[in-house]
Amino acid sequence: MRVLLSEDELNQGVSRLADEIDQHYEGRPLTVIAIMTGSLVLFADLIRRLSMPQRVGVIRASSYRGGTTSCDLQVDAGMMIDVTGRDVLLVDDIFDTGKTLERTSEMMKEFGAASVQTAVLLHKQREHLVQVRPNFVAFQIPDEFVVGYGLDYLDMYRNLPYLAVLDPAEIEATAAEVEL
Ligand code: 5GP
Ligand code: MG
């Protein structure tokens, strides 16, 4: 695999992201929602760098089913906390087509959030399918399928401390291994 962002670079990016978010909210209380499962690692690092009082919650979205291309989006809000009247920050790993953040932002408004902003680690340079854009972005990356730092291929590689691009042989080998 080819490393795209090292552990050090990721650390610096998450710190910059936290600083921007801190400056925006100026200490006001925030409800921070992780879009599972891809944002798991980012979320843990990010909330510990933010300095305002926080409530944290999770929502689950999946659009990748067994491959590297996007399928129909499914959202499970079964574990959501109450966001009525709250300032909400949605945190996701990557902004690709944009459908996940568009749909989950709409849901937060339906749930009665006072405001909704979005933060992502990665912003893919490609044509997006929605009007909305993330409010806070740590890195712009080329349109390649990446894994590590929470991002998976077939639920593997999330534990890598760096971000990498898989080569075709690794994609094939992983698929064969997971199908065992
Ligand atoms: P969107 O709804 O913006 O198309 O996609 C967002 C979701 O697709 C992300 O939360 C992430 O789970 C998944 N995704 C998009 N691009 C990649 C990628 O390059 N690698 C991985 N592992 N997941 C991706
Ligand atoms: Mg995701």
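Quick caveat, the model's predicted, so the values are computed rather than measured.

(A) Focus on the overall build of the protein chain. Helices and strands together make up the secondary structure of the protein chain, namely 4 helices and 9 strands. When its helices and strands are written in sequence order, the protein chain yields β-α-β-α-β-β-β-α-β-β-β-β-α. Relative to its length of 180 residues, the protein chain is compact, with a C-alpha radius of gyration of 16 Å against a globular reference of 16 Å. With respect to the principal axes defined by its C-alpha atoms, the protein chain has extents near 50 × 35 × 30 Å. Counting only residues that meet the buried cut, the protein chain has 46% of its 180 residues in that class. Counting only contacts in the protein chain whose residues sit at least 6 apart along the sequence, the fraction spanning at least 24 positions is 64%. For the protein chain, the exposed area adds up to about 9100 Å²; of that, 48% sits on carbon and sulfur atoms. Placing the 16 positive and 28 negative side-chain charges of the protein chain at their respective mean positions leaves the two points 5 Å apart.

(B) Highlighting the site of ligand 1. Among the 16 residues in the neighbourhood of ligand 1, the closest are listed as Asp 93, Thr 97, Thr 100, Val 146 and Asp 152. Asp 96 is positioned such that a nitrogen or oxygen atom in its backbone is 2.9 Å from an oxygen atom of ligand 1. Within the complex, 93% of the 510 Å² of free accessible area of ligand 1 lies under protein. Looking at the shell around ligand 1, the elements that each hand over two or more residues are β5 (87–95) and α3 (99–110). Classifying every residue of the shell around ligand 1 by side-chain character gives 5 nonpolar, 4 polar and 7 charged.

(C) Representation of the sheet that holds strand β8 (residues 146–147) within the structure. What the 3 strands build is an open sheet, ordered β1-β9-β8; its pairing is antiparallel. Each edge of the sheet is formed by a strand with only one pairing partner; in this case those strands are β1 (2–5) and β8. Inspection of the sheet shows β8 paired to strand β9 (residues 163–165) by 2 bridges, in the antiparallel sense. By the bridge assignment, Val 146 is partnered in β9 with Val 165.

(D) Seen up close, the pattern of salt bridges. The full count for this structure, using the stated rule, is 7 salt bridges. The salt bridge partner of Glu 144 is Arg 2, with a shortest N-O separation of 2.7 Å. Taken together, the positions of Glu 144 in the loop between β7 (136–141) and β8 and Arg 2 in strand β1 put the pair 142 residues apart, joining distant regions of the chain. Classification of Arg 2 as partly exposed rests on a relative accessible area of 42%. The partner of Arg 126 in a salt bridge is Asp 96, and the shortest N-O contact between them spans 3.0 Å. Separated by 30 residues along the polypeptide, Arg 126 in the loop between β6 (115–124) and β7 and Asp 96 in the loop between β5 and α3 bring together distant segments of the chain. Here Arg 126 falls in the partly exposed class, since its relative accessible area comes to 29%. Given a relative accessible area of 12%, Asp 96 falls into the buried group. Members of the salt-bridge network, linked through shared partners, are Asp 152, Asp 155 and Arg 158.

(E) View of the sheet that holds β7. One open sheet holds the 6 strands; their spatial order is β4-β3-β2-β5-β6-β7, and the pairing between them is mixed. One side of each edge strand has no neighbouring strand; the edge strands of this open sheet are β4 (74–76) and β7. Across the sheet, the mean angle from the axis of one strand to that of its neighbour is 25 degrees, orientation sign disregarded. As paired strands, strand β3 (residues 54–62) and β4 are joined by 3 bridges and run antiparallel to one another. Looking at β4, one finds that Ala 61 is bridged to Val 75. Contacts between helix α2 (residues 40–47) and the sheet are confined to β2 (30–36), β3, β5 and β6, with β2 contributing the most and set at about 160 degrees to the helix. Against the sheet, α3 touches β2, β3, β4, β5 and β6, its axis set at about 165 degrees to β5.

Parameters and conventions
Residues numbered from 1 in each chain as written. Chains lettered and ligands numbered in written order. Predicted model: local features only at pLDDT ≥ 70, side-chain atom pairs only at ≥ 80, totals over all residues. Heavy atoms only, no water. Helix = DSSP H or I, 4+ residues; strand = E, 2+ residues; numbered from the N terminus. Rg over C-alpha atoms; globule rule 2.2 N^0.38 Å. Buried < 20%, exposed > 50% of the residue type's maximum accessible area, 1.4 Å probe, protein only. Contact = heavy atoms within 4.5 Å. Areas by Shrake-Rupley, 256 points an atom, 1.4 Å probe, with all protein chains shown as cover. Lys, Arg positive; Asp, Glu negative; His and termini not counted. Charge placed at Lys NZ, Arg CZ, Asp CG, Glu CD. Near = heavy atom within 4 Å. Polar contact = N/O pair within 3.5 Å; in protein donor to acceptor, adjacent residues only side chain to side chain. Nonpolar A, V, L, I, M, F, W, Y, C, P; charged D, E, K, R; others polar. Pairing = 2+ DSSP bridges. Salt bridge = Lys/Arg side-chain N within 4 Å of Asp/Glu carboxyl O. Axes fitted to C-alpha atoms, helices over the stretch in contact; angles between N-to-C directions.

By themselves these figures say nothing about function.
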